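Observations on chain architecture
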Amino acid sequence: MLRHFVFDAYGTLFNVHAAAERHKETIGPRWQQLSQTWRTKHIEYTWVHALAGRRATFWSLAQRSLDYAAASVGGIPADLRDKLLASYRTMQAYPEVREVLAALKTKGATLAILSNGDPDMLAEAVRAAKLEGLFDDVLSVAAAGIFKPSPAVYRLATDRFGCKPHDISFQSSNRWDIAGAKAFGFHCVWINRTDAPDEYPDMKPDRIARDLGALLAGS
């Protein structure tokens, strides 16, 4: 077993659609469309800012992408915007997350988060999901000054643990994130929760799993 396990946060540990689902009755039948658009635009905005060399916080982009998503479904009540944003900061972890992290910790693994999220966002998310004490570190792209999939972001993990890229097992539900991490040299596990088709054939994951439980199953 590899010693260092590094996890993406949003979509991998935390359910990014939980915020909209929490308020789906108020949003109405298009809540899933709003949630998916919110997520897609949020990631797109990080790529544009990274490529353009423009600094931005993940939180500011969360707000801008929600505004776009809300407009795309015909608008939402004014007070719902604040509720959705508050829910985004305290979204729930996927059911298997705590058990898997605790088991890996028991086996002697070092655990870290490596995320586009701002430090305060990540601290709040970890606390809300009751995952405190399980991570050896929570690494934010803020320290690199650029969003994923820049190599500078993945280097934060090797610098933190003083190791080579192939010494790290990196888990992410985002296929583009896995591609970037694989290009950097990590051992990569794509957590494909939605059975999405594969892509980026020249930057394949070492393993594909439906959820994080596969890290304990060994298959």
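We now turn to the structure provided with this report. As the structure is a prediction and not an experimental result, all values here were calculated from the model.

For the rest of this paragraph, the subject is the packing of helix H8 (residues 151–161) against helix H9 (residues 175–184). Packing of H8 against H9 brings their axes to within 10 Å, and their N-to-C directions diverge by 65°. On the basis of the axis angle, H8 is roughly perpendicular to H9. Here H8 runs over H9; the crossing is right-handed. The segment H8 lies against H9, with Pro 151, Tyr 154, Arg 155 and Thr 158 engaging Asp 177, Gly 180, Ala 181 and Phe 184.

Quick look at the environment of Phe 161 now. Tracing the backbone through its elements, the reader meets Phe 161 in helix H8. The buried category is assigned to Phe 161, whose relative accessible area is 14%. In sequence terms Phe 161 and His 4 are 157 residues apart; their C-alpha atoms lie 7.9 Å from each other.

We now examine the sheet that holds strand E5 (residues 187–191). What the six strands build is an open sheet, ordered E3-E2-E1-E4-E5-E6; its pairing is parallel. Where the open sheet ends on each side, the last strands, each with one partner, are strand E3 (137–140) and strand E6 (207–209). Each adjacent strand pair in this sheet contributes to an overall mean axis angle of 25°, direction not counted. Two strands pair when backbone bridges link them, and strand E4 (residues 168–172) and E5 are joined in this way by four bridges, in the parallel orientation. In the sheet register, Phe 170 faces E5, and the bridge partner there is Cys 188. Sitting on the sheet, H8 is in contact with strand E1 (4–7), strand E2 (110–115), E3 and E4, with an inclination near 155° to E2. The strands that H9 touches are E4 and E5; relative to E5, the one it contacts most, it runs at about 175°.

This part is about the side chain of Arg 193. For Arg 193, the position within the fold is in the loop between E5 and E6. The exposure class of Arg 193 is buried, given its relative accessible area of 16%. A polar contact is formed between the side chain of Arg 193 and the backbone oxygen of Thr 12, at a distance of 2.9 Å. At a separation of 2.7 Å, a polar atom in the side chain of Arg 193 contacts the side chain of Glu 96. Apart from the residues within four sequence positions on either side, Arg 193 is in contact with Gly 11, Thr 12, Tyr 94, Glu 96, Arg 210, Asp 211 and Leu 212.

For the coordinates displayed, the defined rule picks out 14 salt bridges. Connected through salt bridges with shared partners, the residues Asp 8, Lys 148 and Asp 177 form a single ionic network.

With 69 residues, the main nonpolar core has Phe 7, Tyr 10, Phe 14 and Leu 131 as its most contacted residues. With sequence-adjacent residues up to four places away left out, Phe 7 is seen in contact with Leu 13, Leu 101, Leu 104, Leu 111, Ala 112, Ile 113, Leu 114, Phe 135, Phe 170, Gln 171, Leu 212 and Leu 215.

What follows covers the packing of helix H4 (residues 58–72) against helix H5 (residues 78–89). Between H4 and H5, whose axes approach to 11 Å, the crossing angle comes to 135°. In terms of axis orientation, H4 runs oblique to H5. Where H4 crosses over H5, the handedness of that crossing is right-handed. Only Arg 81, Leu 84, Leu 85, Tyr 88 and Arg 89 of H5 make contact with H4, whose side of the interface consists of Phe 58, Trp 59, Ala 62, Gln 63, Leu 66 and Asp 67. When grouped by side-chain class, the residues that make up the contact of H4 with H5 number seven nonpolar, one polar and three charged.

What counts as what
- Residues numbered from 1 in each chain as written.
- Predicted model: local features only at pLDDT ≥ 70, side-chain atom pairs only at ≥ 80, totals over all residues.
- Heavy atoms only, no water.
- Axes fitted to C-alpha atoms, helices over the stretch in contact; angles between N-to-C directions.
- Helix = DSSP H or I, 4+ residues; strand = E, 2+ residues; numbered from the N terminus.
- Parallel < 35°, antiparallel > 145°, perpendicular 65-115°, else oblique.
- Left-handed = near helix turned anticlockwise from the far one by under 90°.
- Contact = heavy atoms within 4.5 Å.
- Buried < 20%, exposed > 50% of the residue type's maximum accessible area, 1.4 Å probe, protein only.
- Pairing = 2+ DSSP bridges.
- Polar contact = N/O pair within 3.5 Å; in protein donor to acceptor, adjacent residues only side chain to side chain.
- Salt bridge = Lys/Arg side-chain N within 4 Å of Asp/Glu carboxyl O.
- Core = buried A, V, L, I, M, F, W, Y, C linked by side-chain atoms within 4.5 Å.
- Nonpolar A, V, L, I, M, F, W, Y, C, P; charged D, E, K, R; others polar.

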